[in-house]
Amino acid sequence: MILNKNGFLIFNRILFMYITQGRQGRLGMWKYLPIPIVFLMIMGLNYLLIQLLGIDVTELMRKEILAKGKTRVFAENMIPFVILLGGLFFWVRYVHQQSLLSLTTSRKKVDWSRVLFIFTLMSLFIIISTYAAYLVKPEIYEVNFEPTSFIILACVSLVLIPIQTSFEEYLFRGYLMQGLGLAFRNKWLPLILTSVLFGVMHAANPEVEKIGAILMVYYIGTGLFLGIITLMDEGLELALGFHAANNLITVLLVTADWTALQTDSIFIDVSEPSAGFDILLPVLIVFPIFLFILSKKYKWTGWKDKLMGAIAPKEDR
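Remember, it's a predicted structure, so these values are computed and weren't measured experimentally.

(A) Quick look at the confidence of the model for the protein. Across the protein, the average pLDDT comes to 88, with 92% of residues at or above 70. Per-residue pLDDT stays below 50 along residues 1–15; that stretch engages in twelve contacts with residues further than four places along the chain or on separate chains.

Spelled out as structure tokens, the structure:
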């Protein structure tokens, strides 16, 4: 136990540190291995098959969409995440015997106001930036709005997108962050590893093939941003809200025929994909601005300790 003149406060902060929440369950580092290994093997096998068999993912998706329609293909791609999220929750609850609350936050209950705040902030950013781009270069957008198709898409997306994004956040910023933190007894290595793994997970996306490996900078940078706000805020609420807004508003507002998520969105981006500065813009400018806003709103302090500090073994607590 570490004390200062207000000893109880420091003890309380350390005891309920988010990255050590896994200690509330039954430990055994082997228990952390099956879920990420199986998931990453599936992702890796998918990528290898695409490369070895020379599969044109964009053409394959085009044929699927012609046969089934965009919304059905979109739903079929999202439904496996329902099983994955359910499986992860089952594993944590009954194998680790850890509460889902401790996997979500260090607070006494989930702070939904945090989820709503960053969801709103990110949604407004996507809508305003997309509208501004449309005003500047209307020729790169095709208006695709069809009320019936859009309403069906919205209903499907509102149910499935939060499940898909929640699985990724609970796996990378929750389960793996806590497990790696307890294994390595520090915070910086879990932050880096989960960010890289998050990027690797997207390597088989068709947009990576179209734009190039530089897009991995965006994916890894996004993972790093989400990891930072999770550690600084001592919970997943902000990461859950951000990721849900990013994917949900995007699939409803604007998609392209060369992306992983193709939907009956309001706009279709018909521009030729290229590796421009806009790929690095979020990582270099937007995410730092978001960090500034969040740090001021939630009065974050102790950046070095929360992001780089060591984690003492359980017996020292």
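Next, the rest of the story.
(B) Quick peek at the packing of helix 7 (residues 147–184) against helix 8 (residues 188–201). Taken N-terminus to C-terminus, the directions of helix 7 and helix 8 make an angle of 145°; their axes are 9 Å apart at the nearest point. Read as a crossing pair, helix 7 and helix 8 show a hand that is right-handed. Residues Glu168, Phe172, Arg173, Leu176, Met177, Leu180, Gly181 and Phe184 of helix 7 pack against Leu189, Pro190, Leu191, Leu193, Thr194, Leu197, Phe198 and Met201 of helix 8. Tallied by class, residues from the contact of helix 7 with helix 8 come to twelve nonpolar, two polar and two charged.

(C) Fine view of the packing of aromatic side chains. The full count for this structure, using the stated rule, is 18 aromatic pairs. Each ring, one from Phe242 and one from Phe287, has its centre 5.9 Å from the other, and the planes form 75°; the classification is edge-to-face. Placement of the pair is Phe242 in helix 11 (residues 237–253) and Phe287 in helix 12 (residues 281–297), with a sequence separation of 45 residues. The same class applies to Phe242 and to Phe287, which are both buried. Counting every residue linked through ring pairs, the aromatic cluster contains Phe125, Phe225, Phe242, Phe287 and Phe290. Over the ring of Tyr94 we find Arg93; its NZ or CZ atom is 5.8 Å from the centre of that ring. For Arg173, the ring lying beneath its charged end belongs to Phe198, and the centroid distance is 4.4 Å.

Conventions adopted
Residues numbered from 1 in each chain as written. Predicted model: local features only at pLDDT ≥ 70, side-chain atom pairs only at ≥ 80, totals over all residues. Heavy atoms only, no water. pLDDT = per-residue confidence, 0-100. Contact = heavy atoms within 4.5 Å. Axes fitted to C-alpha atoms, helices over the stretch in contact; angles between N-to-C directions. Helix = DSSP H or I, 4+ residues; strand = E, 2+ residues; numbered from the N terminus. Left-handed = near helix turned anticlockwise from the far one by under 90°. Nonpolar A, V, L, I, M, F, W, Y, C, P; charged D, E, K, R; others polar. Phe/Tyr/Trp six-rings, centres within 6.5 Å; stacked < 30°, edge-to-face > 60°. Buried < 20%, exposed > 50% of the residue type's maximum accessible area, 1.4 Å probe, protein only. Lys NZ or Arg CZ within 6 Å of the ring centre and 35° of its normal.

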